[in-house]
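# An overview of the molecular structure
This is what each chain is made of:
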Amino acid sequence: MDTLQYTDECGESTLSSDEEITTPNVSSNIFTDSNTSTVNSKYDKSTSPILQLHDITISYSQDTLPVLHIDNLIFPKGSFTSLIGKSGCGKSTLLNCIAGLITPKEGVIDWCDSTNRTITVGMVFQEPALFPWMRVLDNVKIGLHSTSLTSREKNRLARDAINLVGLAGRERAFPCELSGGMKQRAVLARYLAAHCDLLLLDEPFSGLDQFAREEMQELLMQLYLDRGLTCIFVTHSIVEALYLGTRVVVLGGAPAGIVDIVEVDMPFPRPPESRLSMDGSLLREQLYQKLRLGK
């Protein structure tokens with residue numbers, strides 16, 4: 001599997017150009033009782049970063065103008081960053097750059113970990129990335145393929161993750177037998193089983209109906225809180241961005257860049273009905289205007 005090596009001041013991280021970017025040495029006690037999770041996320045503004053972008057410029061060829069330029073953007077550990085912007089403003093491009101699927105023309109990507117270990121990353125696309133010839137259990141175990149775990153340990157971790165996302169009883173189903181929401185649950189289970197540190201999510205719920213989308217939002221929020229994940233989430237929905245995010249990064253302009261970064265000072269867990277108040281909130285209106293004007 002091809003890899004891209006990023007060397008930085010904070011340590012080294014090896015990223016794979018495949019969807020499951022890397023996997024950790026998974027211990028047998030990854031999955032703890034969800035009742036032990038805290039009410040609030042582990043993020044605050046002073047939390048040390050998991051990732052920093054410095055003067056990143058992305059072009060699709062040497063002769064074209066840049067499509068995206070990021071002066072400086074820090075992703076603290078335990079944060080949930082919602083990325084919003086008009087179509088074509090570089091949201092997915094930024095995720096692909098972080099994932100190592102696109103090489104920036106200029107700039108530095110710093111992966112920071114005080115223990116100097118490998119940071120593990122998973123990417124969830126708009127279309128569920130499942131192998132159609134594999135059953136759910138085998139699709140989830142793909143993320144554990146390169147570990148030294150025994151077959152029994154891999155099966156146990158995969159089944160635990162499948163239970164966490166609400167797919168118990170579907171272990172032997174093929175992707176064609178699942179709804180859109182179930183397929184994305186299986187993808188999330190893959191990264192839970194592999195104990196990823198960072199989840200990149202590119203409009204993963206855009207193809208779902210309203211009720212399935214809201215269910216997936218609530219599931220993702222609970223997994224984020226229970227597992228201490230760091231998430232970067234692309235969406236076109238301002239309400240979705242506010243409901244899930246600890247902060248919202250607005251992209252816009254030409255070349256695209258950061259228009260604003262807005263902290264969402266609302267404690268977790270956030271009740272489902274809070275989406276209704278967000279729909280008419282002043283903060284939503286401010287974000288809408290920034291999106292509309294691109295400044």
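The rules behind these values
Residues numbered from 1 in each chain as written. Predicted model: local features only at pLDDT ≥ 70, side-chain atom pairs only at ≥ 80, totals over all residues. Heavy atoms only, no water. Helix = DSSP H or I, 4+ residues; strand = E, 2+ residues; numbered from the N terminus. Expected span 1.5 Å × (residues − 1). Buried < 20%, exposed > 50% of the residue type's maximum accessible area, 1.4 Å probe, protein only. Pairing = 2+ DSSP bridges. Axes fitted to C-alpha atoms, helices over the stretch in contact; angles between N-to-C directions. Core = buried A, V, L, I, M, F, W, Y, C linked by side-chain atoms within 4.5 Å. Contact = heavy atoms within 4.5 Å. Salt bridge = Lys/Arg side-chain N within 4 Å of Asp/Glu carboxyl O. Phe/Tyr/Trp six-rings, centres within 6.5 Å; stacked < 30°, edge-to-face > 60°. Parallel < 35°, antiparallel > 145°, perpendicular 65-115°, else oblique. Nonpolar A, V, L, I, M, F, W, Y, C, P; charged D, E, K, R; others polar.

### Some points on helix H5 (residues 210-227)
- Between its terminal C-alpha atoms H5 stretches 26 Å, which fits the 26 Å expected from 18 residues at 1.5 Å a residue.
- Turning to H5, its buried residues are Ala212, Met216, Gln217, Leu219, Leu220, Met221, Leu223, Tyr224, Leu225, Asp226 and Arg227.
- Residue Gly228 follows H5 closely and has a positive phi angle near 65 degrees.

### Quick look at the sheet that holds strand S3 (residues 49-58)
- Strand order in the open sheet made by the 3 strands is S4-S3-S6, with antiparallel pairing throughout. Strands at the two margins of the open sheet, each flanked by one partner only, are strand S4 (68-76) and strand S6 (106-111). Recorded for the sheet is a direction-independent mean angle of 5 degrees between the axes of neighbouring strands.
- Where S3 and S6 come together, 5 bridges link them in antiparallel fashion.

### Looking at the nonpolar core
- The biggest cluster of nonpolar side chains holds 55 residues, and the ones touching the most others in it are Ile84, Val165, Leu188, Leu201, Leu220, Val248 and Leu287.
- A per-element tally of this core places H5 first, with 8 residues.
- Sequence-distant contacts of Val165, that is, excluding residues within four places in its chain, are made with Arg185, Leu188, Ala189, Leu192, Leu219 and Leu223.
- By size, the runner-up hydrophobic cluster in this structure holds 29 residues, among which are Leu73, Leu83, Trp111 and Leu198.

### Observations regarding the pattern of salt bridges
- If you walk through the whole model with that rule in mind, you get 7 salt bridges.
- With a closest N to O distance of 3.7 Å, Lys141 and Asp138 form a salt bridge. Of this pair, Lys141 and Asp138 both sit in helix H2 (residues 136-141), 3 residues apart, which is roughly one turn of that helix.
- With its nearest N and O atoms 3.4 Å apart, the salt bridge here joins Asp160 to Arg156. Within this pair, Asp160 and its partner Arg156 are both found in helix H3 (residues 151-164), separated by 4 residues, close to a single helical turn.
- Relative accessible area serves as the criterion here: at 33%, Arg156 is assigned to the partly exposed category.
- Each of Glu214, Glu218 and Arg275 takes part in one network of salt bridges that share partners.

### Quick word on the packing of aromatic side chains
- Applying the stated criterion across every chain, the model contains 5 aromatic pairs.
- Here the aromatic rings of Phe80 and Phe233 are separated by 5.8 Å at their centres, their planes lie at 45 degrees, and the arrangement is tilted. With Phe80 in strand S5 (residues 80-84) and Phe233 in strand S9 (residues 230-234), this pair connects stretches of sequence that are 153 residues apart.
- A relative accessible area of 0% means that Phe80 is categorised as buried.
- Given the relative accessible area of 0%, Phe233 is considered buried.

### Points about the packing of helix H4 (residues 180-193) against H5
- Where H4 contacts H5, the two axes come as close as 11 Å, and the packing angle between them is 10 degrees. In terms of axis orientation, H4 runs roughly parallel to H5. On H5, the residues that touch Gly181, Gln184, Arg185, Leu188 and Leu192 of H4 are Glu215, Met216, Leu219, Leu220, Leu223 and Arg227.
- Here the contact of H4 with H5 is built from residues that sort into 6 nonpolar, 2 polar and 3 charged.

### Notes on helix H1 (residues 91-99)
- Burial analysis of H1 places 8 of its 9 residues in the buried class, which makes it a mostly covered element.
- Regarding H1, the residues found buried are Lys91, Thr93, Leu94, Leu95, Asn96, Cys97, Ile98 and Ala99.

### Quick notes on unusual backbone geometry
- Cis peptide bonds are those with omega within 30 degrees of zero, and the linkage from Ala254 to Pro255 qualifies with -5 degrees.
- Residue Pro269 follows Phe268 across a cis peptide bond; omega there is -10 degrees.
- A positive phi angle is found at Asp55, which is not glycine, with a value near 50 degrees.
- Checked against the element boundaries, Asp55 lands in strand S3.
- A relative accessible area of 44% places Asp55 in the partly exposed class.
- In the Ramachandran plot, His195 falls in the positive-phi region, its phi being about 55 degrees despite a non-glycine side chain.
- Inspection of the secondary structure puts His195 in the loop between H4 and strand S8 (198-202).
- Judged by relative accessible area, which is 38%, His195 ranks as partly exposed.

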